[in-house]
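# Fold and geometry: a report
Here is what each chain is made of, one letter per residue.
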Amino acid sequence: MAKREKKPVHKVVMTEGKRQIIQQLLQEYDIETAEDIQEALKDLLGGTIKEMMEAEMDDHLGYEKSERSDSDDYRNGYKEKTVNSSYGSMRIDVPQDRKSTFEPKVVKKRQKDISGIDQKIISMYAKGMTTRQISDTLMDIYGFEASEGFISDVTDKILPQIEDWQNRPLDDVYPVLYIDAIHYSVRDNGIIRKMAAYVILGISCEGKKDVLTIEVGDNESAKYWLAVLNSLKNRGVKDILIICADGLTGIREAIQTAFPKTEYQRCIVHQVRNTMKYVADKDRKAFANDLKTIYNAPNEEQGRANRDRITEKWSEKYPNAMKRWERDWDVITPIFKFSANVRTVIYTTNAIESLNATYRKLNRQRSVFPSDQALLKALYLATFEATKKWSMPIRNWGQVYGELSIMYEDRLPE
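So, here is what we can say about the structure in this document. One numbering rule holds for all chains: residues counted from 1, following each sequence as written. For a predicted model such as this one, the threshold for reporting local features is a pLDDT of at least 70, and the threshold for listing and counting side-chain atom pairs is 80 or more; totals across whole chains, interfaces and linings nevertheless cover every residue. Note: side-chain values were computed over all heavy atoms of the structure, leaving out hydrogens and water.

A pair of strands is labelled paired if DSSP reports no fewer than 2 bridges between them. Elements are defined by DSSP. Helices are runs of H or I of four residues or more, strands are runs of E of two residues or more, and each kind is numbered from the N terminus. Here we have five strands laid out as an open sheet, ordered 5-4-3-6-7, and mixed in their pairing. Two strands lie at the open edges of the sheet, namely strand 5 (209–217) and strand 7 (263–266), each paired on one side alone. Neighbour-to-neighbour, the strand axes of the sheet open up by a mean angle of 25 degrees, direction not taken into account. Here strand 6 (residues 239–245) pairs with strand 7 via four bridges, running parallel. Its bridge partner lying in strand 7, Ala-245 is registered against Arg-266. Throughout, a residue-residue contact means that at least one pair of heavy atoms, one from each residue, lies within 4.5 Å. Axes here mean lines fitted to C-alpha atoms, for a helix over just the part in contact, with angles spanning 0 to 180 degrees between N-to-C directions. Seen against the sheet, helix 7 (residues 222–234) touches strand 3 (173–188), strand 4 (191–203), strand 5 and strand 6 and runs at an angle of roughly 145 degrees to strand 5.

Once that is clear, we can look at the nonpolar core. Buried together is how nonpolar side chains tend to be arranged in soluble globular proteins. Buried Ala, Val, Leu, Ile, Met, Phe, Trp, Tyr and Cys residues form a nonpolar core when they are joined through side-chain atoms within 4.5 Å. Here the term buried applies to any residue with accessible area under 20% of the maximum for its type, exposed to any over 50%, and partly exposed to those in between, with areas from a 1.4 Å probe on protein chains only. Membership of the largest hydrophobic core comes to 76 residues, with the highest contact counts inside it found for Tyr-184, Phe-287, Leu-291, Tyr-359 and Leu-404. Sorting elements by how many residues they give to this core places helix 16 (residues 372–386) first, with seven residues. Excluding residues that lie within four positions of it along the chain, Phe-287 makes contacts with Thr-275, Met-276, Val-279, Ile-310, Trp-314, Tyr-318, Ala-321 and Met-322. Within the second largest apolar cluster, 26 residues are counted, among which are Leu-170, Tyr-174, Ile-251 and Tyr-264.

So, on to the layout of surface pockets. Quantified by volume, the second largest pocket comes out at close to 380 Å³. Both site types are read off a 1 Å grid over the protein atoms alone. A 1.4 Å probe that fits but cannot get out defines a cavity, while an open set with protein on both sides within 12 Å along at least five of seven lines defines a pocket; lining residues have an atom within 4 Å of a point. Forming the walls of the second largest pocket are 16 residues, and the residues nearest its centre are Thr-358, Lys-361, Ala-382, Glu-385 and Ala-386. Secondary structure elements with two or more residues in the lining of the second largest pocket: helix 15 (350–365) and helix 16. For the lining of the second largest pocket, the leading source of residues is helix 15, giving six residues. When grouped by side-chain class, the residues that make up the lining of the second largest pocket number six nonpolar, four polar and six charged. Grid points are joined across faces, edges and corners, and a volume is the space filled by probe spheres set on the points. Residue type decides the class: Asp, Glu, Lys and Arg count as charged, Ala, Val, Leu, Ile, Met, Phe, Trp, Tyr, Cys and Pro as nonpolar, and the leftover types, Gly among them, as polar.

The rule is short: rings of Phe, Tyr and Trp, with Trp giving its six-membered ring, pair when the centres are within 6.5 Å, and they are stacked under 30 degrees, edge-to-face over 60, tilted in between. Enumeration according to the criterion identifies 11 aromatic pairs in this entry. Each ring, one from Trp-329 and one from Phe-336, has its centre 5.9 Å from the other, and the planes form 45 degrees; the classification is tilted. Side by side, Trp-329 and Phe-336 carry an identical accessibility label, which is buried. By way of ring pairs, the aromatic residues Tyr-198, Tyr-224 and Trp-225 are connected into one cluster. Charges are assigned to positions over rings by a cutoff of 6 Å between ring centre and Lys NZ or Arg CZ, combined with an angular limit of 35 degrees from the ring normal. Between Lys-233 and the ring centre of Phe-259, over which it is positioned, the NZ or CZ distance is 5.6 Å. It is Arg-307 that lies over the ring of Trp-329; its NZ or CZ is 4.7 Å from the centre.

Right under this line is the structure:
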């Protein structure tokens, strides 16, 4: 793991010019504490901004304040404006002109923040903080309150980024694709309902992980999944060797239509979890060890025999536990074609489970999202944070790719 780079520490270099400024500062302001220094700097910042705007207005009109001019545009007083700075909220006087054509650069029209706080808000939003938590933090640190509307306006700035990200071109071929769902509570027209965020994670031919898209919806069907898969095709995906997913409604039919050569593998992690729901705590370890003999079997025949043996062993105590293994056997069996190296990539879904851990934090920090758009923003930012360090291929990828190249001849680039 790469070491985190330390931020450079600012070293104060005292010059004669700085010393004179500090002396004047001490004479002008009654400074006794560090807080007094902050207030003095805040006052100086406001004054400096005003003087810079006055100079900008001179340049805009073509003459200085004390000069006469025949221009039909002239100064027309001031408009008070409140801005947020690193020293807290402050009111500044913005010079106006009669024609209202003056466009200040130092603090632009409609700009409410001059502290770089936007990126701080987006960073806090990415970590799952609610608008109330963000507002309280800004009040504690910077001394001003940010309304929910202000925070929403700031985070809305990333919506074009999300749209670009959701529509970016993709690779021609993905050896493995994972589809998983995390459920959230979302307010919709005053009603709180559960919505699913479907995350599609691809493993590239270089063995690197990449979140291809995030779809927020609650309407699973073959039609829905066909639209999702077709959107991947429209972004350049021509072939997928294996899609690993849980029992999403309609996913099998959609895969057969969109990518008829693609292998659909039921996610073993989810299969085991769904089974263990039926098992008492005292039997979970023994039951889980028995299940391993199914998906670790050397071939399908042995896997089926182990499945039947386990079903018989536990059927009296847990009659419903093994039903999914029998019902879904045809989409469990693809793993038996592969070696342990490939199976590990396909059925453990470690790649997406670590990502889901990040997404689940959002659930712990926010009981309800105010809208599906707010959920998508949080998911995108959480994804961006979680994937910053995704630079290395997954373990044993060379062996995995070699085996897949033999199994799926002519479908992978050399």
